[in-house]
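Observations on the model geometry
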Amino acid sequence: MNYNKEILENSEIKYVVEADSSAWQNAIKEAYNKSKHKFNIEGFRKGKAPMSVITRMYGVGVFFDDALDIILQDLYVELLSKEADLKPVARPNVDIVAISDTDLKVAFIVTVAPEFTLGEYKGLKLDKINADVTDEMVAEEIAKAQEKAGAWENVTDRACQKFDTVVIDYSGSVNGVKFDGGTAEKQNLELGSGMFIPGFEEQVEGMSIGDEKDINVKFPEEYGAEDLAGKDAVFAVKLHEIKKKILPELNDDFAKDVSEFDTVEEYKADIKAKLIKTAEEKANRDMENALLDKIADNTQINIPDVMIEEQIEEMISEFEYRLSYQGLKAEDYYKYTNSSRDELRLRYNEPAQKQVKMRLIIAAIVKAENIKAEEAEIEAKIADFAKGANKSVEEFKKTMHPEQASYIENEIVMNKLIDFLMANNKFA
């Protein structure tokens, strides 16, 4: 294989590769053996016609497409082995320069990571983010615990009101015609939750047990079902039950029930300590992110479109996987939300650019500062994972995938990078 190299714009390199004549002819013969069963030539059983007969009737070019499928991957792999420093960031584009029954010349257009100059990433000054925890925040956490520990009590001596939970039957119709999904029996509804169409819950308020009422509402213009969006509807509602939540009193008994502590004061102190820890962790993450954003602002990179497109595709695939994990098909999600995959691509464009840029900057700083994962650090991290899996280190290593080993190394490098950046920049 012979080739020549040409540096193009926008981080692209063009390799014009000339295949060995024997390799190309062998690929054509392999293509013939692969596809000869498709030809029905008079005088020969189907699939038994010699290659010379088929090429005489149809021309040797009839095998070129299959032969290219056979040889192109081999040519590219051989090129990568000869160009040891070549680090493609995407699949190459391929152009056929010249082709005949004896010769093949192709051009691989390879995109590589862009070259750029790192901006300032040390000695920067940023605003410190404080981890503030107030008494009101502690009270909110206690209120959540009281809400969780509360018990429902049936109400029979008054009409329902906001924050009650009611049990209702309802049947909805538009222009007198019932619609799919508009009917239910013994449905629980917390008034004030906003779970139903705007205006519905407010009109249920004031109903008493046994009451029946027609409720008039209008579906939002942006409602997921197009046949109902913006339409006026009537719901026939019957109320069966009214329930209110009784919250436990905040005292030492409550503290004992919901925690390991004997007094309210100890319980409050523990909540505050946990909130402070959480707030400090968040503040540190926010400062790390602010620092990375500042470094990114200081660095200009001309990112190849193909890198952004691949990042967008990865983000969409991850999003659609999460949907499937929740039991929802992507096409159904787009239908229900009146959106499309193309709209999602547009929405992900800017975040994808940011992620690709940050990835390139991080790699450049790691290289510039010679940040590495030492063998002892990797072994310690593997030992942690093994302990978490209740296995010995040797057992865990036997089950490790290459991706896990790469993840462990990358995590160590990333943690060391963040520590380095936080130590070499100032927050005040």
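The structure we're discussing is the one just above.
For the structure given in this document, a descriptive report is provided here. Owing to the predicted nature of the structure, the values given are computational and were not obtained by experimental measurement. (Residues numbered from 1 in each chain as written. Predicted model: local features only at pLDDT ≥ 70, side-chain atom pairs only at ≥ 80, totals over all residues. Heavy atoms only, no water.)

1. Digging into the overall build of the chain
Our working rule: Note on conventions: DSSP H or I runs of at least 4 residues are helices, E runs of at least 2 residues are strands, and numbering of each starts at the N terminus. The contact rule is simple, with two residues in contact once any of their heavy atoms fall within 4.5 Å. All accessibility values rest on the Shrake-Rupley procedure with a 1.4 Å probe; residue burial counts only the protein chains present in the view. The sign given to each residue is positive for Lys and Arg and negative for Asp and Glu; His and the chain ends receive no count. The atom standing in for a charge is NZ when the residue is Lys, CZ when it is Arg, CG when it is Asp and CD when it is Glu.
The secondary structure content of the chain amounts to 13 helices and 11 strands. For the chain, contacts bridging at least 24 residues in sequence account for 66% of all contacts bridging at least 6. When the accessible surface of the chain is totalled, it reaches about 27100 Å², and 47% of it is carbon and sulfur. For the chain, the separation between the mean place of its 56 positive charges and that of its 84 negative charges on side chains is 4 Å.

2. Quick word on the side chain of Gln311
Going by this rule: Relative accessible area decides the class of each residue, using a 1.4 Å probe on protein chains only: under 20% of the type maximum gives buried, over 50% gives exposed, and in between gives partly exposed.
In this fold, Gln311 is placed in helix H8 (residues 305-325). Judged by its relative accessible area of 5%, Gln311 falls in the buried class. Residues within four places of Gln311 in sequence aside, it is in contact with Ala352, Gln355, Val356 and Arg359.

3. Concerning the layout of surface pockets
To be explicit about the condition: For cavity detection a 1 Å grid was placed over the protein atoms alone, and a set of points counts as a cavity when a 1.4 Å probe fits there but cannot get out; an open set counts as a pocket when protein lies on both sides within 12 Å along at least five of seven lines, with lining residues being those that have an atom within 4 Å of a point. Grid points are joined across faces, edges and corners, and a volume is the space filled by probe spheres set on the points. Note on residue categories: nonpolar means Ala, Val, Leu, Ile, Met, Phe, Trp, Tyr, Cys or Pro, charged means Asp, Glu, Lys or Arg, and polar means any other residue, Gly included.
Estimated volume of the largest pocket: approximately 350 Å³. Lining the largest pocket are Ala113, Pro114, Phe116, Leu118, Leu360, Ala363, Ala364, Lys367 and Ala368. Considered class by class, the residues forming the lining of the largest pocket number eight nonpolar, no polar and one charged.

4. Looking at the environment of Asp169
Convention followed: Contacts described as polar in this section are N or O atom pairs within 3.5 Å, which, within protein, must combine one atom able to donate a hydrogen with one able to accept it, while residues neighboring in sequence count only if both atoms come from side chains.
Secondary-structure assignment places Asp169 in strand S7 (residues 165-174). For the pair Asp169 and Ala236, spaced 67 residues apart in sequence, the C-alpha to C-alpha distance is 8.0 Å. Filtering out sequence-adjacent residues up to four positions away, Asp169 remains in contact with Ala184, Glu185, Lys186, Ala236, Val237, Lys238 and His240. For Asp169, the side chain forms a polar contact with the main-chain nitrogen of Lys186, separated by 2.7 Å. Of note is the side chain of Asp169, whose polar atom sits 2.7 Å from the side chain of His240.

5. Looking at unusual backbone geometry
Phi at Phe163 is positive, roughly 85°, even though this residue is not glycine. In this structure, Phe163 sits in the loop between strand S6 (151-154) and S7. The exposed category is assigned to Phe163, whose relative accessible area is 56%. Phi at Asn338 takes a positive value of approximately 50°, unusual for a residue other than glycine. With respect to the helices and strands, the residue Asn338 is situated in the loop between helix H9 (330-336) and helix H10 (341-368). A relative accessible area of 52% places Asn338 in the exposed class.

6. A short note on the environment of Ser171
Inspection of the secondary structure puts Ser171 in strand S7. A relative accessible area of 18% places Ser171 in the buried class. The spacing of Ser171 and Glu9 is 162 residues in sequence and 64 Å in space, taken between C-alpha atoms. Non-local contacts of Ser171, meaning those with residues more than four positions away in its chain, are made with Lys178, Gly182, Thr183, Val234, Phe235 and Ala236. Side-chain polar atoms of Ser171 contact the side chain of Lys178, separated by 3.4 Å. Reaching out from Ser171, the side chain makes a polar contact with the side chain of Thr183 at a distance of 3.5 Å.

7. Regarding the sheet that holds strand S2 (residues 12-18)
Within a sheet, adjacent strands bond to each other through the backbone by hydrogen bonds, running parallel or antiparallel. Put simply, the test is: In this analysis, strands are considered paired if DSSP registers two or more bridges between them. Every axis corresponds to a line fitted to the C-alpha atoms, with the helix fit spanning only the stretch in contact, and the corresponding angles, defined between N-to-C directions, vary from 0 to 180 degrees.
The sheet built from four strands is open, its strands ordered S1-S2-S4-S3 with antiparallel pairing. Both outer strands of the open sheet, strand S1 (2-7) and strand S3 (93-99), are each paired with one neighbouring strand and no more. In this sheet, neighbouring strand axes are inclined to one another by 20° on average, regardless of whether the strands run parallel or antiparallel. Bridge analysis of S1 against S2 gives six bridges, and the strand direction is antiparallel. Within the sheet, the bridge partner assigned to Lys5 lies in S2 and is Tyr15.

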